[in-house]
Amino acid sequence: MPTEAHIWQLLEEVSDPEVPVLSILDLGIVRGVRLEGEQVHVTITPTYSGCPAMNTIATEIRLRLLAEGLTQVHIHNQLSPAWTTDWMSQAGRQKLEDYGIAPPVDGTATGHVLNLFGADTAVRCPLCKSTHTHLVSQFGSTACKAHYQCDDCLEPFDYFKCHA
Amino acid sequence: MTDDFTPTPALATVTETQRKMLPFVLQLADTSLILAHRLSEWCGHGPILEQDLAMANIALDLLGEARSYYQYAAELEGQGRTEDDLAYLRPAVEYRNPLLVEQPNQDFAHTIVRQFLYDAFHYHLLLQLQQGPDAHLAAIAEKSVKEAAYHIKWSSEWLIRLGDGTDESRRRIEKAIRNLWRFGGELTMPTATEQTLQAAGLVPDYAALQQQINAHVARVFEEATLPVPENVFAQQGGKDGRHSEHLGYLLAELQYMQRTYPGMQW
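Please read these numbers as outputs of a predicted model, since none were measured by experiment. (Residues numbered from 1 in each chain as written. Chains lettered and ligands numbered in written order. Predicted model: local features only at pLDDT ≥ 70, side-chain atom pairs only at ≥ 80, totals over all residues.)

**Comments concerning the packing of helix α7 (residues 135-163) of chain B against helix α8 (residues 167-180) of chain B**
Two quantities define a packed helix pair, namely the angle between the axes and the distance from one axis to the other.
Residue and element names in this part refer to chain B.
Then comes step 1: At their nearest, the axes of α7 and α8 sit 7 Å apart, and the two run at 125 degrees to each other. What the angle tells us is that α7 and α8 run oblique. Between α7, through L159, L162 and G163, and α8, the contact on the second element is made entirely by S169, R170, R172 and I173.
Then comes step 2: Looking at the contact of α7 with α8, its residues break down into 3 nonpolar, 2 polar and 2 charged. (Axes fitted to C-alpha atoms, helices over the stretch in contact; angles between N-to-C directions. Helix = DSSP H or I, 4+ residues; strand = E, 2+ residues; numbered from the N terminus. Parallel < 35°, antiparallel > 145°, perpendicular 65-115°, else oblique. Contact = placed C-beta atoms within 7 Å. Nonpolar A, V, L, I, M, F, W, Y, C, P; charged D, E, K, R; others polar.)

Now the structure itself:
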């Protein structure tokens, strides 16, 4: 019989389909694992409401557990507490930067405050490491990313935006 | 849109109080869905690439929010209908979205004003709903308000940029405000159903909400150097199912796949 710890290990091998360097544990979307006899319950929380990756992730969790002979898998979708980038692991942040995506800036996701006309967060360019960058658009290639450009090396890059 | 998820166990039993919320939840669902559809019509036609992406992103957020509401509505109804049945197989007269969100796309300024009016309402409503007595609705609001915060920032910044921009942008944003302002009032004019729910403390009081909206509008319009229109006649009807002809055409496109191939899934 598998243990819950074993299931967590298997989930570490399931990656985010849109940012494949991140495991779903790095991303902080797995909120719980529970075993009830043969039944495996995995609770995940969406990053963004409309994120099309969530369904793929649910399928991949099933497939990974199926490969270990676990056929009775229930995946629950939990909305509250809402996902925040504060749940992203330090290892995940490093992997993101190495992959060319600026990780969410530490600590800025705590507490939701509408920053209407305030300055944008200083984000470090994942390529040349300059913090001399500017926001191009809050909306990028996927729901979780903003679009930035580096003023030093001029490269455009994705920023995994803070989600408070 | 069917997911590979097990239904949330917490919804196995629906209380009588929750069931009363069904028409309100459907109204929220329809509103998000119809505005998401209008925004998605911009895909590939945006004025510049970044803003094309922005509108597609906002559409996706709203579609996700709509799904959460439709799934909840299906649970509340308890008649075996799914989120897809509710979104794709109801006639126009059963839709409960306000008239604002079904207004057809014109130029970018028009879309910005439509979005700004909706975001000012939506963001402040979600802040209230996440404190509300319905725990499941509060959870959806807690999730969605983070996304709505990006939307209100985007539409507010564009309103300022166009209002305080060039002569041409100013002319267009003023025209859009003239055309759309009459649709803003319906958002916070309670229907008979909403009044009943408000009296029971299940839906936030719209008078207080209106004050928060007005404060936001005043602040952004000042930055945009635009005068806030005086109180104008408010066109109503959508929340009671009396829609403009535009909704029928929109639904014809939105629903054709399910109606042509009933029960089809991705």
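**Notes on the pairing of strand β3 (residues 73-77) of chain A**
Then comes step 1: Residue alternation in β3 of chain A divides its side chains into a buried set, V73, I75 and N77 of chain A, and an unburied set, H74 and H76 of chain A.
Then comes step 2: Of the crossover connections in this fold, the one passing from strand β2 (residues 39-44) of chain A over helix α3 (residues 53-66) of chain A to the parallel β3 of chain A is right-handed. (Buried ≥ 20, exposed ≤ 12 C-beta atoms within 10 Å, placed from the backbone. Right-handed = clockwise from strand over helix to strand, strands pointing away.)

**Some thoughts on the UniProt feature "domain: MIP18 family-like" (unreviewed entry) in chain A**
Then comes step 1: Under the local residue numbering, the UniProt record ascribes the feature "domain: MIP18 family-like" (unreviewed entry) to residues 5-62 of chain A.
Then comes step 2: End C-alpha to end C-alpha, residues 5-62 of chain A measures 17 Å, and it is 36% helix and 22% strand. (UniProt positions renumbered as here; feature names shortened; annotations may be inferred.)

**Some thoughts on the environment of P46 of chain A**
Residue and element names in this part refer to chain A.
Then comes step 1: Relative to the assigned elements, P46 resides in the loop between β2 and α3.
Then comes step 2: The class of P46 is buried, set by 21 C-beta atoms lying within 10 Å.
Then comes step 3: Sequence separation between P46 and G28 is 18 residues, and the spatial gap between their C-alpha atoms is 9.9 Å.
Then comes step 4: Setting aside residues no more than four positions away along its own chain, P46 makes contact with C51, M54, N77 and W83.

**Quick word on the pairing of β2 of chain A**
Residues and elements named next belong to chain A.
Then comes step 1: Residues V40, V42 and I44 point to one face of β2 and are all buried, whereas Q39, H41 and T43, pointing to the other face, are not buried.
Then comes step 2: As paired strands, strand β1 (residues 30-36) and β2 are joined by 6 bridges and run antiparallel to one another. Bridge assignment links V33 to a residue of β2, and that residue is V42.
Then comes step 3: Where β1 folds back on β2, the antiparallel hairpin that results is connected by 2 residues, among which G37 adopts a positive phi of roughly 60 degrees.
Then comes step 4: Here 5 bridges tie β2 to β3, and the two strands are oriented parallel to one another. Considered in β3, the bridge of H41 is made with H74. (Pairing = 2+ DSSP bridges.)

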